[in-house]
Every structure is written in C-alpha cells, then in structure tokens.
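# Observations on chain architecture
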Amino acid sequence: MKAPALMASLDAAAARIRRTAAAEPLIGLVLGSGLGAFAERLTDRTAIPYTEIPRFPASTGVVGHAGELVLGRVGKTPVAVLSGRVHFYEGHSMADVVFPARVLARLGVKAVVLTNAAGGVRLTFKPGDLMVITDHINFFGHHPLIGRNEEKLGPRFPDMSFIYDPELRRILKATGRAEKIPLREGVYLGTSGPSYETPAEIRAFRRMGADAVGMSTVPEAIALRHAGVRVAGISTITNMAAGILEQPLEHGEVLETTRRVGDRFVRLLTKAIPRLAKALK
Ligand code: HPA
C-alpha cells in the first residue's frame, strides 16, 4: 500500500469505528488463537465484523480466530479489542498484517496488549504457562516498515530498545502477583509459519535466546512502536516446541491449552487493565 493511500485507509477505518464507539478507547488489545473469550465479557459491548471496516484484511478462516473488532469497557476503562488477527502465513502482505494494529493507533489508544499462543522453547516452561514478553526476535525474514516511510505515522528508523514497555511489564507482573497468577517472562521469537518448526530450528532458537516461538505479534509490535504506541505482550505457552517431547505438534493441542487456561488469562487481563489505565493517564 502506498503511503498516502495508507493514511486515507487508516482514517476511513477509524471513522467507521468511531461511528459505533461510545467512547474513545484508551487501551487496545489483540487476542490470539483461542483467546477470544475475553472480548465476550466486556461491558457496554458492541462488535463490528472486520468485513464491515474499510480496508481491513479478511481472515482466511483459521479455526480459533473470530474476526471482529469489539468495543466496550473493562471496569471504567474503554477498550478496543481485535478478536482474531490475520497472519503473514495466510498470504497477506506485512502492510495488511499490521493494518488493524495501526487502526488502533489511529483511534488514539495509548497502549496495546498483544496476546498470542506460542510454543515453549525454554525447557523449564510448561504448557499452560503465561509469559510476559520482555523482547522479541524478528525471524519472519520480512519487516512491516519496509517501503516508503509515512512520517505522519512515525520515523524512518524507530528505536526498538524498549519495544515491550518496561512500566507496562511491571504492572502485568504486579497484577500476576496480586492475583496469584504465576507469570513467566521471556523473549518471543516470531517466525512466518505455517509449518511448525523442526527440532533443529528450535535448538537454534534456544541458543539465540528465544524462550517462546510463534507466528504473530512481532510485526504488530514493530508497527505500534513505530506509531508511538506503548506495547505489552503476553504469550500463552500452549505446547512445548518441536523436538522437546516425543510427540508431534498439532493445532488442536494449541486450542485445547488456550481453553484450559482461558479463565486465568481473562482474569489477568481484566485485573491488569485498570492498573495499566492508571499508568497511561
Ligand atoms: N510454534 C509456532 N507457533 C506456535 C506454536 C509452536 O510450537 N504453538 C503455538 N503457536
């Protein structure tokens, strides 16, 4: 997408959403595979299918990804939730993959919490663990900011030193402690997929410093940071990555684990959002 067309498309999408939104959202959330339950519990809830938002890329229908923008509140905090995301492996361009996240930025959110399902690379992780993302490794072989830079969005060479906001990370950890929800911390490595990794790739990723591996989040985190939005990330470790256990990987296991930890995940987000909101004002 060319830059002027990009700004016009972002404005058109944001205008459509503002027609429905009761309040300007303070926090955006992106819900990963099987993690959609959170969006169903919002108060003052309205949902807009992605198909009704101009230029929103259409999901090719991965099981576990809904495809609607949900507006509502957690307590008093107005939020905008992308329930379901499009992935690079579906054949979308990087510009399309990050378009919904950029729309959240255009709506004026001050922070976005990115969530995902991920494979555990660190050997001490267990399926069902929740991990606050401290940093990432972009292993997509692509980058969402390639092409002419849109100065209205952000600078050509944005800093990524603090991409996962230290203050927001501290708040997530404090919420976990207060709610007795154990939280791991670690580095998320993003790769295109759609195949799961080989055992040799997982060994290599571990040596590179990765703690978890998945097929999303990295492009959105980069695009949001570029746009000056503060980013937090939470991975649900749904399975041990390839080669760690003597069993093959399947998407069913990923969805089964997200269902099992769903309540804990929803409680963490619900309790964290008012605390995050306080830090953003
Ligand atoms: N690898 C990549 N993506 C994933 C995995 C995995 O093991 N589990 C959930 N998403």
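To be clear, the structure that these remarks concern was listed above.
These notes cover the structure that comes with them. What you see is a predicted model, and the numbers here were worked out from it, not measured in a lab.

On a regular strand, each side chain points to the face opposite its neighbour's, so the side chains alternate between the two faces of the sheet. Inspection of the sheet shows strand β6 (residues 130-138) paired to strand β7 (residues 183-190) by eight bridges, in the parallel sense. Across the sheet, the residue bridging to Ile 137 is Leu 189, located in β7. Here β6 pairs with strand β9 (residues 230-240) via three bridges, running antiparallel. Within β9, the residue paired with Met 131 across the bridge is Ser 235.

Looking now at the side chain of Thr 115. Of note, Thr 115 is situated in strand β5 (residues 111-120). Judged by relative accessible area, which is 0%, Thr 115 ranks as buried. Separated by 2.8 Å, the side chain of Thr 115 and the backbone oxygen of Val 30 make a polar contact. Beyond its immediate stretch of four places on either side in the chain, Thr 115 contacts Val 30, Leu 31, Gly 32, Leu 35, Arg 85, Thr 217, Ile 234 and Phe 265.

Close to the ligand lie Ala 117, Ala 118, Gly 119, Tyr 196, Glu 197, Val 213, Gly 214, Met 215, Thr 238, Asn 239, Leu 249 and Val 254, which account for all nearby residues. Here a nitrogen atom of the ligand and a backbone polar atom of Ala 117 are 3.3 Å apart. Between the ligand and Gly 119 there is a distance of 3.3 Å, counted from a nitrogen atom to a backbone nitrogen or oxygen. For the ligand, whose accessible area on its own is 260 Å², the fraction buried by protein is 95%. Mapped by element, the contributors of at least two residues to the shell around the ligand are β5, β8 (212-214) and β9. The element that contributes the greatest number of residues to the shell around the ligand is β5, accounting for three residues.

Following Gly 193, the chain continues to Pro 194 via a peptide bond in cis, the omega torsion being 0°. In this fold, Pro 194 is placed in the loop between β7 and α5 (199-208). One non-glycine residue, Arg 55, lies in positive phi territory at about 65°. Among the secondary structure elements, Arg 55 is positioned in the loop between β2 (43-49) and β3 (68-74). Accessibility expressed as a relative area gives 47% for Arg 55, which makes it partly exposed. In this structure, Lys 180 takes a positive phi of about 55° despite not being glycine. With respect to the element layout, Lys 180 can be found in the loop between α4 (166-179) and β7.

Taken as a whole, this structure holds twelve salt bridges when the rule is applied. Residue Arg 106 is joined to Asp 11 by a salt bridge in which the shortest nitrogen-to-oxygen separation is 2.7 Å. In this pair, Arg 106 is assigned in helix α3 (residues 94-107) and Asp 11 in helix α1 (residues 3-20), connecting sequence segments 95 residues apart. On the basis of relative accessibility, which here comes to 35%, the residue Asp 11 falls in the partly exposed class. In this structure, Asp 211 and Arg 122 form a salt bridge, with 2.9 Å as the shortest nitrogen-oxygen distance. With Asp 211 in the loop between α5 and β8 and Arg 122 in the loop between β5 and β6, this residue pair connects regions lying 89 residues apart in the sequence. Of the residues examined, Arg 122 reaches a relative accessible area of 31% and is grouped as partly exposed.

The buried fraction of strand β1 (residues 27-31) is high, at five of five residues. Alternating positions in β1 separate into two faces, Ile 27, Leu 29 and Leu 31 on one and Gly 28 and Val 30 on the other, with burial throughout. Two strands pair when backbone bridges link them, and β1 and strand β4 (residues 77-83) are joined in this way by five bridges, in the parallel orientation. Its bridge partner lying in β4, Val 30 is registered against Leu 82.

Once that is clear, we can look at the packing of aromatic side chains. One pass over the structure, following the stated rule, counts four aromatic pairs. Geometrically, the ring pair formed by Phe 139 and Phe 205 is edge-to-face, given 4.9 Å between the ring centres and 70° between the ring planes. Of this pair, Phe 139 sits in the loop between β6 and α4 while Phe 205 is found in helix α5, placing the two residues 66 residues apart along the sequence. A residue is classified by how much of its surface remains accessible, and Phe 139, at 39% relative accessible area, is partly exposed. Note on Phe 205: relative accessible area 3%, which makes it buried. Linked through ring pairs, Tyr 50, Phe 56 and Phe 99 together constitute an aromatic cluster.

The rules behind each value
- Residues numbered from 1 in each chain as written.
- Predicted model: local features only at pLDDT ≥ 70, side-chain atom pairs only at ≥ 80, totals over all residues.
- Heavy atoms only, no water.
- Pairing = 2+ DSSP bridges.
- Helix = DSSP H or I, 4+ residues; strand = E, 2+ residues; numbered from the N terminus.
- Buried < 20%, exposed > 50% of the residue type's maximum accessible area, 1.4 Å probe, protein only.
- Polar contact = N/O pair within 3.5 Å; in protein donor to acceptor, adjacent residues only side chain to side chain.
- Contact = heavy atoms within 4.5 Å.
- Near = heavy atom within 4 Å.
- Areas by Shrake-Rupley, 256 points an atom, 1.4 Å probe, with all protein chains shown as cover.
- Salt bridge = Lys/Arg side-chain N within 4 Å of Asp/Glu carboxyl O.
- Phe/Tyr/Trp six-rings, centres within 6.5 Å; stacked < 30°, edge-to-face > 60°.

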